[in-house]
Amino acid sequence: MAVDRWSWLGDHPAIDLANTVRRRGMQYVDLLATPDDLAEWLDHEADRLPRPETVGNDLFGPFLELRDATLELMRAAAAGRRLPARSRHKLNEFALRYPVVLTLAATAGTRTYRMLEADDDAAQLLAELTAVTIDLLSSPDLERPALCDAPGCGQLYRRGRPNQEWCNPHCGARARSERHYLRTQGRAQG
Ligand SMILES: [Zn+2]
């Protein structure tokens, strides 16, 4: 059950963060209802994000604030809209509260961040997520988030090529078969 619930994880961490709100039918469902849900999400991200030992309300509150701002900004970016001021200020507020420096890792093309003031794991987590979200939203066109509007999906993803319309081939196949169905229905009725 838990595996199914988080089976879509593994994109850019900022995309995974935004995708903790999922589309089911026409509704959006928040998968993070309690700190335990967050702990589960963090377990799945443990190989690339700091995992605080305890996940309580003191982390859950600011985490959701960051997630909500990230989600609104990504949806705006995916739709080609201006980034909404309130969420942009929220993210910048986090960046100033948890300042980091970008450092070099052993593998080229990998970014690592170190907090300026040594702090706890919870602060490090919020700092890293803020930094990677700002990275993603400020990067060139191709890497910016897109929204997959296929039936049963509605998730944010990063395009692998220009004009990519769906997050993966399965979504493309579902969307095409739905379009075909709607077209043939139209003909049958017209
Ligand atoms: Zn999709």
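Keep in mind that this is a model prediction, so the values were computed, not measured.

Another aspect to go through is the overall build of the protein chain. Scanning the protein chain from N- to C-terminus turns up 7 helices and 6 strands. Traced from its N-terminal end to its C-terminal end, the protein chain shows the element sequence α-α-β-β-α-α-α-β-β-α-β-β-α. When the backbone C-alpha atoms are referred to their principal axes, the protein chain occupies close to 70 × 35 × 35 Å. Across the 190 residues that make up the protein chain, the buried fraction comes to 23%.

Among the secondary structure elements, Leu 91 is positioned in helix α5 (residues 85–97). Distance from Leu 91 to Trp 6, taken between C-alpha atoms, is 25 Å for residues 85 residues apart in sequence. With residues near it in sequence (within four places) discarded, Leu 91 still touches Ala 69, Leu 73, Thr 130, Thr 133 and Ile 134.

Before going further, it helps to spend a moment on the nonpolar core. Counting 30 residues, the largest nonpolar core has Ala 14, Ala 18, Leu 66, Leu 126, Leu 129 and Tyr 157 as the members making the most contacts within it. Contributions of two or more residues to this core are made by α2 (13–18), α3 (35–44), α4 (57–78), α5, α6 (121–137) and β6 (156–158). Not counting residues up to four positions away in its chain, the partners in contact with Leu 66 are Phe 94, Leu 126, Leu 129 and Thr 130.

Looking now at unusual backbone geometry. For Asn 163, which is not glycine, the phi torsion reads 65° and is therefore positive. Positionally, Asn 163 belongs in the loop between β6 and α7 (169–189). Using a count of 6 C-beta atoms within 10 Å as the deciding quantity, one classes Asn 163 as exposed.

Along the chain, Leu 31 falls in the loop between β2 (27–30) and α3. Given 14 C-beta atoms within 10 Å, Leu 31 falls into the partly exposed group.

Turning our attention to α5. The terminal C-alpha atoms of α5 lie 18 Å apart, and with 13 residues this matches the ideal 18 Å at 1.5 Å per residue to within 8%. Turning to α5, its buried residues are Ser 87, Leu 91 and Phe 94. Buried residues of α5, viewed axially, fall in a sector of 55°; they line one side. In this structure, α5 carries Ala 85, Arg 86, His 89, Leu 96 and Arg 97 as exposed residues pointing more than 90 degrees from its buried face. Next to the buried residues of α5 lie α4 and α6.

With that settled, consider the pairing of strand β1 (residues 21–24). Residues in a regular strand point their side chains to alternate faces of the sheet. As defined by bridge partners, β1 adjoins β2 across 4 bridges and the pair is classed as antiparallel. Of the residues in β2, the one forming a bridge with Arg 23 is Tyr 28. Linking β1 to β2, which pair antiparallel, is a turn of 2 residues; within it Gly 25 sits at a positive phi near 65°.

Interaxial distance between α5 and α6 falls to 9 Å at its minimum, and their mutual angle equals 130°. Taken as axis vectors, α5 and α6 run oblique relative to one another. Note on packing geometry: the crossing formed by α5 with α6 is left-handed. Facing Leu 91, Phe 94 and Ala 95 of α5, the residues of α6 in contact are Leu 126, Thr 130, Thr 133 and Ile 134. Classifying every residue of the contact of α5 with α6 by side-chain character gives 5 nonpolar, 2 polar and no charged.

Mean pLDDT over the protein chain: 89, with 95% of residues reaching 70 or higher. At the low end of the mean pLDDT range in the protein chain sits helix α1 (residues 2–5), at 54; at the high end sits α5, at 97.

What counts, and where the lines are drawn
- Residues numbered from 1 in each chain as written.
- Predicted model: local features only at pLDDT ≥ 70, side-chain atom pairs only at ≥ 80, totals over all residues.
- Helix = DSSP H or I, 4+ residues; strand = E, 2+ residues; numbered from the N terminus.
- Buried ≥ 20, exposed ≤ 12 C-beta atoms within 10 Å, placed from the backbone.
- Contact = placed C-beta atoms within 7 Å.
- Core = buried A, V, L, I, M, F, W, Y, C linked by C-beta atoms within 7 Å.
- Expected span 1.5 Å × (residues − 1).
- Arc of directions from axis to C-beta.
- Pairing = 2+ DSSP bridges.
- Axes fitted to C-alpha atoms, helices over the stretch in contact; angles between N-to-C directions.
- Parallel < 35°, antiparallel > 145°, perpendicular 65-115°, else oblique.
- Left-handed = near helix turned anticlockwise from the far one by under 90°.
- Nonpolar A, V, L, I, M, F, W, Y, C, P; charged D, E, K, R; others polar.
- pLDDT = per-residue confidence, 0-100.

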